[in-house]
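# Architecture at a glance
Single-letter residue listing:
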Amino acid sequence: MSINAPSFSPLQMLRSLYSACFPVRGQVVSVVITFLAFTRPSVAQTVQLKNAVIITSPSISTEMRTTVSQVLSEEIAKRTGVNLKQVGSWPKKNTPVIALVLSTDEQLTGAAIPVRYDKNGAEYKKEGFRVVSSMTANTPTVWIIGADNRGVLFGVGWLLRHLKMGKNSLAILGGTDIATSPAYPVRGHQLGYRTTANSYDAWTVAQYDQYIRDLAIFGSNAVEGIPFHEEEKPSPLFTIPAAAMNIRISEICRKYDMDYWVWTPATFDLTDKVKRNAELDKHEKFYRECPRLDHIFFPGGDPGNNHPSEVLPFLKDLHDRLIKYHPNAKIWISLQGFNVEETDYFYRYLNQEKPAWLEGVVSGPGSPPIAETRYRLPASYKHRQYPDITHSVRCEFPVEQFDQAYALTLGREPVNPRPYAFAKIQQTYAPFTDGFVSYSDGCHDDVNKVIWSMRSWDPQMDVDEILKQYSKFFFSDAVEAPAADGITALERNWNGPLAENGGVEATFSFWRQLESGHPGLKGNWRWQMLLLRAYYDTYTRRRLLYEQSLEKKANQLLAVTEPGNIKETMDKALATVNKADLQPVAPELRKRIEDLCADLFASIGLQTSVPKYKAKNYERGAVLDHVDYPLNNRWWLSDEFKKIDTVKTAKEQIAALRTIANWENPGNGSYYDDVSSVSKGPRVKTTSYDATDVAWWDNGFSRKRLSSQLFQGSPVLEYGNLEPGVRYMIRVCGYGDALLRVDGVRLSPVLYHKEADGFKEWIVPLSLTGDGKITVTFDEPEESNLNWRLHSRISDVWLLKR
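The residue count restarts for each chain, going from 1 along the sequence in the order it is written. Per-residue local features are limited, in this predicted model, to residues with pLDDT of at least 70; the limit for side-chain atom pairs, both in listing and counting, is 80 or more; totals at the level of whole chains, interfaces and linings are taken over all residues. As a convention, hydrogens and water are excluded, and side-chain values are obtained from all of the structure's heavy atoms.

With antiparallel pairing, the three strands of this open sheet are ordered in space as E4-E13-E12. Taken across any chain shown, the strands that pair with only one partner, and hence form the sheet edges, are strand E4 (46-48) and strand E12 (164-166). Strand after strand, the sheet turns through a mean of 25° between neighbouring axes, direction not considered. Any two strands between which DSSP finds at least two bridges are classified as paired. Every helix listed is a DSSP run of H or I at least four residues long, and every strand listed is a run of E at least two residues long, numbered separately from the N terminus. Bridge count for E12 against strand E13 (residues 169-173) is three bridges, and the pairing is antiparallel. In the sheet register, Lys 164 faces E13, and the bridge partner there is Ala 171. For helices, the fitted line uses only the C-alpha atoms of the stretch in contact; every axis is such a line through C-alpha atoms, and the angle between N-to-C directions lies from 0 to 180 degrees.

Contact geometry of helix H13 (residues 463-474) with helix H14 (residues 480-492) gives a least axis separation of 8 Å together with a crossing angle of 120°. One element, H13, and the other, H14, form an angle in the oblique class. As H13 runs across H14, the sense of the crossing is right-handed. Two secondary-structure elements touch here, H13 through Asp 464, Leu 467, Lys 468, Tyr 470, Ser 471 and Lys 472 and H14 through Glu 480, Ala 481, Ala 483, Ala 484, Asp 485, Ile 487 and Thr 488. Ten residue types, Ala, Val, Leu, Ile, Met, Phe, Trp, Tyr, Cys and Pro, are classed as nonpolar, four, Asp, Glu, Lys and Arg, as charged, and the remainder, Gly among them, as polar. The class makeup of the residues in the contact of H13 with H14 is six nonpolar, two polar and five charged. The scheme is simple: roughly parallel for angles under 35 degrees, roughly antiparallel for over 145, roughly perpendicular for 65 to 115, oblique for anything else. By convention the crossing between two helices is left-handed if the near helix lies anticlockwise of the far one by an angle smaller than a right angle, and right-handed if it lies clockwise. Contacts were defined at the residue level, with two residues in contact if any of their heavy atoms lie within 4.5 Å.

Moving on: the sheet that holds strand E30 (residues 774-779). The strands that make up a sheet pair up through hydrogen bonds in the backbone, lying either parallel or antiparallel. Here we have four strands laid out as an open sheet, ordered E24-E30-E26-E27, and antiparallel in their pairing. Edge positions in the sheet fall to strand E24 (717-719) and strand E27 (745-746), since each of these pairs with one other strand and no more.

So, about the state of the cysteines. What counts as a disulfide here is a pair of cysteine sulfur atoms lying within 2.5 Å. According to the stated counting rule, one finds zero disulfides in the structure shown. Cys 443 forms no disulfide, and the closest cysteine sulfur to it belongs to Cys 597, at a distance of 12 Å. Note on exposure labels: buried denotes an accessible area under 20% of the residue type's maximum, exposed denotes more than 50%, and partly exposed covers the range between, all computed with a 1.4 Å probe on protein chains only. Taking relative accessible area as the criterion, Cys 597 reaches 0% and is therefore assigned buried.

Successive residues of a regular strand alternate their side chains across the two faces of the sheet. Judged by how many residues are buried, strand E20 (residues 358-363) sits mostly within the fold: six of six residues are covered. Alignment of strand E19 (residues 330-334) against E20, held across four bridges, turns out to be parallel. When the bridges of E20 are listed, Trp 332 appears paired with Gly 360. Here E20 runs beside strand E21 (residues 382-385); their pairing, made up of four bridges, is parallel.

Right, let's talk about the packing of aromatic side chains for a bit. The aromatic pairing rule takes the rings of Phe, Tyr and Trp, using the six-membered ring of Trp, and pairs them if the centres are within 6.5 Å, calling planes under 30 degrees apart stacked, those over 60 edge-to-face and the rest tilted. For the structure shown, the criterion picks out 44 aromatic pairs. A ring pair is formed by Phe 154 and Trp 457, whose centres lie 5.2 Å apart and whose planes are at 80°; its orientation type is edge-to-face. On the criterion of sequence distance, the pair formed by Phe 154 in helix H3 (residues 149-162) and Trp 457 in helix H12 (residues 446-457) is long-range, its members being 303 residues apart. Like Trp 457, Phe 154 is buried. Ring-pair connections join several aromatic residues into one group, and the members of that group are Tyr 193, Tyr 200, Trp 203, Tyr 208, Tyr 211, Phe 238 and Trp 525. It is Arg 384 that lies over the ring of Phe 297; its NZ or CZ is 4.8 Å from the centre. In this analysis the charged atom, NZ for Lys or CZ for Arg, is taken to sit over a ring once it is within 6 Å of the ring centre and within 35 degrees of the ring normal.

The next point concerns the pairing of strand E7 (residues 97-102). Most of E7 is tucked away, with six of its six residues classed as buried. A two-sided burial pattern is seen for E7, the buried positions comprising Val 97, Ala 99 and Val 101 on one face and Ile 98, Leu 100 and Leu 102 on the other. Bridge analysis of strand E5 (residues 53-56) against E7 gives four bridges, and the strand direction is parallel. Looking at E7, one finds that Val 53 is bridged to Val 97. In this structure, E7 lies alongside strand E11 (residues 139-146), joined through six bridges in parallel fashion. Within the sheet, the bridge partner assigned to Leu 100 lies in E11 and is Ile 144.

Structure representation (structure tokens):
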């Protein structure tokens, strides 16, 4: 956040300086303050830093002095070719200086530091910093004044995000004076080196180092590893053994002064003493080998199935071993998967035992409501969020109004920049917490990580400004604003019915122009990811329009089937829908998608295919394997036609073909809704907020009708403009039970097939339609004894005029 130079006197400027504070969970944090100090240069004036030297205060720890100098000089050299030198004393006149100091310092090699008399400034608060450009001892100087080691590192990050960098060019706006400290103390991301990840498992130590550095530059102060995951086979892409990499991640965290968290579930029965002792020994070995370890996060029941009466003593024993090697390390637990009795037991334990070894509670997917957790949790314990920023469907925060075409192709784990959605989500839940460490399984959610980190530093920071800083730092000054707009446009590609979203084509044209105009970014993996989405979204939309039009033509053929041409008509209809394969749309886009997937595997290890790139499974980002999944019902039609071939009479065959032909178009005065479809369910008023209403069958290659792959258990539908005195029938397609009510009245079915894709029918009494409107609801059947995958579901609903 910045302002133009005000036209008033230096005295007025000094009087205008202020500190603003507000409470967040019992602590006081400062907000960003930007102002102009010292002399007032013109707005366009810049301080040239091409020939600058770096001086670091001896008050900064030895390791951090090395780290911040390295980060600053290396990141500038990558972008400009300028190599800044580090010196130990103040240079000659007119040699620019970038000075890194602590707020407790008074001078640096004889030069006075521009301190403020107000010690409540952000640079005096934990992890806070101030960046000032001024003339010091007749030398242009950029001061980075940190409250502590981390504050200096985060100040370097701010400077890198705001420097004007080009080939052999380096500058900063004159008059810069920014002071800021974080609103939330915990700001981190899970980077588990495990087979489940769609990219991390292919990384080298150097790639981990660079990525953790990038996160620090954008305000993150924590990394979470996953050292124990024995149920998984080692990834074929591991660059070094998992045990070795987890230790190296610890070393990297020590280098950047980042908190090192580890996620460590217990997937065995804790009453088994032999396994319990073996687990404790395994943990202790890991603790002993880690050069840095700050927090142990134990997910209560995801995975795992132990009662808290076993979990809590186990965690106490873990803590006893942990502090032998890391005296200040902490234990955390989540209540994920706990039922009401187990949750109540946990809080009784806290209130009675008041365990000092427990630092706090983590709220993640499957946890009790986050506000309830903060309310029930004693104030002495901290509260961390574990947000799922990595998945798009069947998850904690699914994409709202996600078109089925995307859900079937991009799936659960694609490149998923959702800056505005996650800014809103972070804003909603963060006030109940002390911060977050995100759930992430790959670099595909990179934009989301930056949004969470920056908004947790400053909750008021503008999302567009964050995206501009992201684009400026990772791409170039030249595309700062355009790339930021392009990322926003990609998020909007996912808003609502895809067929109606003409913005997808506009976004594609925009990214094509960026691509052709900036060939130097071709090898940049972040750039490659955004291009992949632009191409993929457009290809999917063009396929959707084309393939749906083919199915409409096929249905027109089926609708006029005669007894003498049944086989011929089915063959023609199938040949029509199969043109999607034989005469595909936009093959040039399909080729570019495949090339980008290859580039991403080479540049960052992103695994977009199971057979080609060794993704763990088809739900883990394998977008290349699903790029051509049918967006019409050609697979289903092929299977249905084989069944119809076995039907004995022509009359029955024609009836079956007419049902298919008129499935979505039941005629004037009748209505059809594809439950949970954003484009074909206009009368459905309910939403499944975890998006578990989007099927994942047969590894994403289900041959079922597309509408049957969208469903709800208890949908609500509202109908209006019904004709008084006309008899209506309700038909439902789905699986299991459908306990239907109309205007609250439970109706008895006249047809009730419970098998998958079976029909059920009810006659609506005239007394209920007399006012021209009805509300259809479904009672939830008692199925607590069944796995959720076997619960009843409703996929299609018709209101048919008789």
